[in-house]
Number of protein chains: 2
Amino acid sequence: MEQNSRLEAASLTPGTVRPGGRTAKVRAAVLEATQEALIEGGFHALNLDRVAARAGVGKTTVYRRWGSAAGLVADLLRDMAEQSVPAADTGSLEGDLLANARLVHRTLTDPRMGPVFQAVIAAAACDEECARALNGFYATRIRAWAPCVERAAGRGDVPVGTDAGEVVRAVSAPLYYRFAVSREPLHEADAVRAAAVAVTAAKAGSFTRN
Amino acid sequence: MEQNSRLEAASLTPGTVRPGGRTAKVRAAVLEATQEALIEGGFHALNLDRVAARAGVGKTTVYRRWGSAAGLVADLLRDMAEQSVPAADTGSLEGDLLANARLVHRTLTDPRMGPVFQAVIAAAACDEECARALNGFYATRIRAWAPCVERAAGRGDVPVGTDAGEVVRAVSAPLYYRFAVSREPLHEADAVRAAAVAVTAAKAGSFTRN
DNA sequence: TTCCAAACGGGAATTCTGTTCCATTAGATG
DNA sequence: CATCTAATGGAACAGAATTCCCGTTTGGAA
């Protein structure tokens, strides 16, 4: 019985019974190689065979543990979600949301991070598991930045009942829209405007619940 | 010389020398089949072979004229950009932007159009030609809706110098952000809020140029 | 109406992607 | 430190995607 369950666990998700040492090294190398491949060729060009070669790992291992291009990206997203970046606390809603807008702008225009985000958005559009992973990634980020708005509500800068998450989303949305949807170039001014619009609307009570 | 240029044109872009009759029928059938395939399986599962079969067309033709999955989507996008939908004119900025927000919401949640937009966003993230085509599609839509904001400026509802395009983008952005980036469910309330936020910020002058 | 070549279509040949088998390596447990 | 087996890696294999070849159809100009 006990032996059976161990066998079952192993056959279902390789890499979970012996997570230490080699297995962890392999995962790190594969995710690193995946990210490099996404930067160079995007999601469509992601190839398990080449990822394995670049990671210096047998391709059988990659096929067994991740199964598909989408599986690789989903795992990369889970890895990315764990690396938290601290939210700002400048003392004013304007300052905090501007810091957020600049961070998003800097990330999306970064020559390495930009292509990675293009790729994970594409992967999420192609695969349900990736979509859930991407959703989790942003849920984490939104939760991390919501306190900025809650502090502003505490100071009386925005109405009580303001949906903090919605305000945070409103800052990112115009930047991601240009980046992934309308495919227009992103400028610093877009980040400044996004923050300003969110602050104005929040103070006017456009984000209150109900 | 003349014969040479004709030959060259034919070898470069099949379907441009004799665009009438059969060629046009084949294109229509292939783009229709492409859309159906995207609805069913998304961009990642788009297969030139199956598209050809579904369109009732030789697969050689599809490979020759479109070359790749990205080529098919890019042409589909050019076709979609040509089909214009008229913008609203309700007499108020609130009414016009709410109509726009509802239209976007309805489109993205439509069981057929939703998957198509997921697919073209994914394709644009994978391929430069698709990215340009998608950019052209939204440039057309934004241009079509900008007059709503310009009329509001004429009425004195928003400051002179308000960037009409930016206001229109601001309405779509939160909806597309949920749809394609954070992958959260879209509700009617999101559309209403998006329109309200854009109106509030526009009236406050957050979208003025310079 | 006639003619020419653009565009198409079917099938073979090729290339590339993904899968399976089995021997080898190395965590974990006592 | 000995043992057991999870996890890995190389190689052969199977299957799908793409290209090539060449005959057929058809749009459009004379």
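None of the values given here were measured: they were computed from a predicted structure.

Rules used in this analysis
- Residues numbered from 1 in each chain as written.
- Chains lettered and ligands numbered in written order.
- Predicted model: local features only at pLDDT ≥ 70, side-chain atom pairs only at ≥ 80, totals over all residues.
- Heavy atoms only, no water.
- Helix = DSSP H or I, 4+ residues; strand = E, 2+ residues; numbered from the N terminus.
- Buried < 20%, exposed > 50% of the residue type's maximum accessible area, 1.4 Å probe, protein only.
- Contact = heavy atoms within 4.5 Å.
- Lys, Arg positive; Asp, Glu negative; His and termini not counted.
- Charge placed at Lys NZ, Arg CZ, Asp CG, Glu CD.
- Phe/Tyr/Trp six-rings, centres within 6.5 Å; stacked < 30°, edge-to-face > 60°.
- UniProt positions renumbered as here; feature names shortened; annotations may be inferred.
- Expected span 1.5 Å × (residues − 1).
- Buried area = accessible area lost by both parts, 1.4 Å probe.
- Salt bridge = Lys/Arg side-chain N within 4 Å of Asp/Glu carboxyl O.
- Nonpolar A, V, L, I, M, F, W, Y, C, P; charged D, E, K, R; others polar.
- Bend = angle between axes of the 7 residues up to and from the residue.
- Polar contact = N/O pair within 3.5 Å; in protein donor to acceptor, adjacent residues only side chain to side chain.
- 1 Å grid on protein atoms, 1.4 Å probe; cavity = no way out; pocket = protein on both sides within 12 Å on 5 of 7 lines; lining within 4 Å.
- Points joined across faces, edges and corners; volume = space filled by probe spheres on them.
- Core = buried A, V, L, I, M, F, W, Y, C linked by side-chain atoms within 4.5 Å.
- Domains from an automatic or database assignment.

(A) Quick look at the overall build of chain A. Along chain A, the regular secondary structure elements total 10 helices and zero strands. By residue count, 49% of the 210 residues in chain A fall in the buried class. When contacts within chain A are restricted to residue pairs at least 6 apart in sequence, those whose partners lie at least 24 apart make up 68%. When the 25 positive and 23 negative side-chain charges of chain A are each reduced to one mean point, those points stand 4 Å apart.

(B) Region of interest: the packing of aromatic side chains. Inspection of the entire model under this criterion finds 12 aromatic pairs over all chains. With a centroid separation of 5.0 Å and 85° between ring planes, the pair formed by Phe137 of chain B and Tyr138 of chain B is classed as edge-to-face. Of the two residues, Phe137 of chain B and Tyr138 of chain B, neither departs from the other in class, the shared state being buried. Through pairs of rings, three or more aromatic residues link up here, namely Phe117, Phe137, Tyr138, Tyr176 and Phe179 of chain A together with Tyr177 of chain B.

(C) Examining the UniProt feature "DNA-binding region" (unreviewed entry) in chain A more closely. Following the UniProt record, the feature "DNA-binding region" (unreviewed entry) maps to residues 47–66 of chain A here. Across residues 47–66 of chain A, the secondary structure splits into 75% helix and 0% strand, with the terminal C-alpha atoms separated by 12 Å.

(D) Focus on unusual backbone geometry. All names here are of chain A. Unlike most non-glycine residues, Arg183 shows phi in positive territory, near 55°. Within the secondary structure, Arg183 is located in the loop between α9 (164–181) and α10 (188–203). Overall, Arg183 belongs to the buried group, its relative accessible area being 19%.

(E) Looking closely at helix α6 (residues 93–109) of chain B. The terminal C-alpha atoms of α6 of chain B lie 24 Å apart, and with 17 residues this matches the ideal 24 Å at 1.5 Å per residue to within 8%. Considering only its buried residues, α6 of chain B is in contact with α7 (113–126), α8 (128–155), α9 (164–181) and α10 (188–203) of chain B.

(F) Representation of the interface of chain A and chain B within the structure. Of the residues lining the interface, 34 residues belong to chain A; the matching set on chain B comes to 34 residues. Regarding the contact of chain A and chain B, the summed buried area is about 3300 Å², with carbon and sulfur atoms giving 65% of it. Where chain A touches chain B, the interface holds six salt bridges. Of the charged contacts in the structure, one is a salt bridge between Arg169 of chain B and Glu184 of chain A, with a shortest N-O distance of 2.5 Å. Elements with a minimum of two residues in the side of chain A that touches chain B: α7 (113–126), α8 (128–155), α9 and α10 of chain A. Take the side of chain A that touches chain B: its biggest share by element is 10 residues, from α9 of chain A. Counted by class, the side of chain A that touches chain B contains 21 nonpolar, seven polar and six charged residues.

(G) View of α8 of chain B. In this model α8 of chain B runs 41 Å from its N-terminal to its C-terminal C-alpha over 28 residues, within 8% of the 40 Å that 1.5 Å per residue would give. The largest bend along α8 of chain B measures about 30° and falls at Trp145 of chain B, with the proline Pro147 of chain B one to four residues further on. Along α8 of chain B, the positions that sit buried rather than exposed are Cys130, Ala131, Ala133, Leu134, Phe137, Tyr138, Ile142, Trp145, Ala146, Cys148, Val149 and Ala152 of chain B. In the core, the buried residues of α8 of chain B are packed alongside α9 of chain A together with α5 (69–82), α6, α7 and α9 of chain B.

(H) Quick look at the environment of Ser182 of chain B. By secondary structure assignment, the location of Ser182 of chain B is in the loop between α9 and α10. When its relative accessible area of 1% is taken as the criterion, Ser182 of chain B is described as buried. Once residues lying within four places of it in the same chain are set aside, the contact partners of Ser182 of chain B are Asn135 and Tyr138 of chain A together with Tyr177 of chain B. Within the local environment of Ser182 of chain B, its side chain forms a polar contact with the side chain of Glu184 of chain B, the two groups lying 2.4 Å apart.

(I) Up close: the UniProt feature "domain: HTH tetR-type" (unreviewed entry) in chain A. Those residues carrying the UniProt feature "domain: HTH tetR-type" (unreviewed entry) are residues 24–84 of chain A in this numbering. Along residues 24–84 of chain A the backbone is 77% helical and 0% strand, and the end-to-end C-alpha distance reaches 20 Å.

(J) Spotlight on empty space enclosed by the protein. Evaluation of the coordinates by the stated rule reveals one cavity of 30 Å³ or more. Here the largest cavity is characterised by a volume of approximately 320 Å³. Lining the largest cavity are 25 residues; nearest its centre among them are Ala170 and Pro174 of chain A together with Ala170, Ala173 and Pro174 of chain B. The biggest single contributor to the lining of the largest cavity is α9 of chain B, with eight residues. Split into classes, the residues belonging to the lining of the largest cavity amount to 15 nonpolar, no polar and 10 charged.

(K) Fine view of the nonpolar core. Residues Phe43 and Tyr176 of chain A together with Phe43 and Tyr176 of chain B are the most contacted members of the largest nonpolar core, which totals 152 residues. Not counting residues up to four positions away in its chain, the partners in contact with Phe43 of chain B are His44 and Cys126 of chain A together with Leu38, Ala69, Ala70, Val73, Ala119, Ala122, Ala123 and Cys126 of chain B.

(L) Local environment of the domain arrangement of chain A. Residue and element names in this part refer to chain A. By domain assignment, chain A separates into domain 1 (21–80) and domain 2 (87–203). Taken residue by residue, the interface counts 12 residues in domain 1 and 18 residues in domain 2. Of the roughly 1300 Å² buried between domain 1 and domain 2, counting both surfaces, carbon and sulfur atoms make up 76%. Along the contact surface separating domain 1 from domain 2 lie two salt bridges. With a shortest N-O distance of 3.4 Å, Arg78 and Glu129 are connected by a salt bridge. One can count two residue pairs in polar contact (both at pLDDT 80 or more) joining domain 1 with domain 2. Of all the secondary structure elements, the ones that give two or more residues to the side of domain 1 that touches domain 2 are α2 (22–41) and α5 (69–82). Looking at the side of domain 1 that touches domain 2, the element that brings in the most residues is α5, giving seven residues. For the side of domain 1 that touches domain 2, the per-class residue count stands at eight nonpolar, two polar and two charged.

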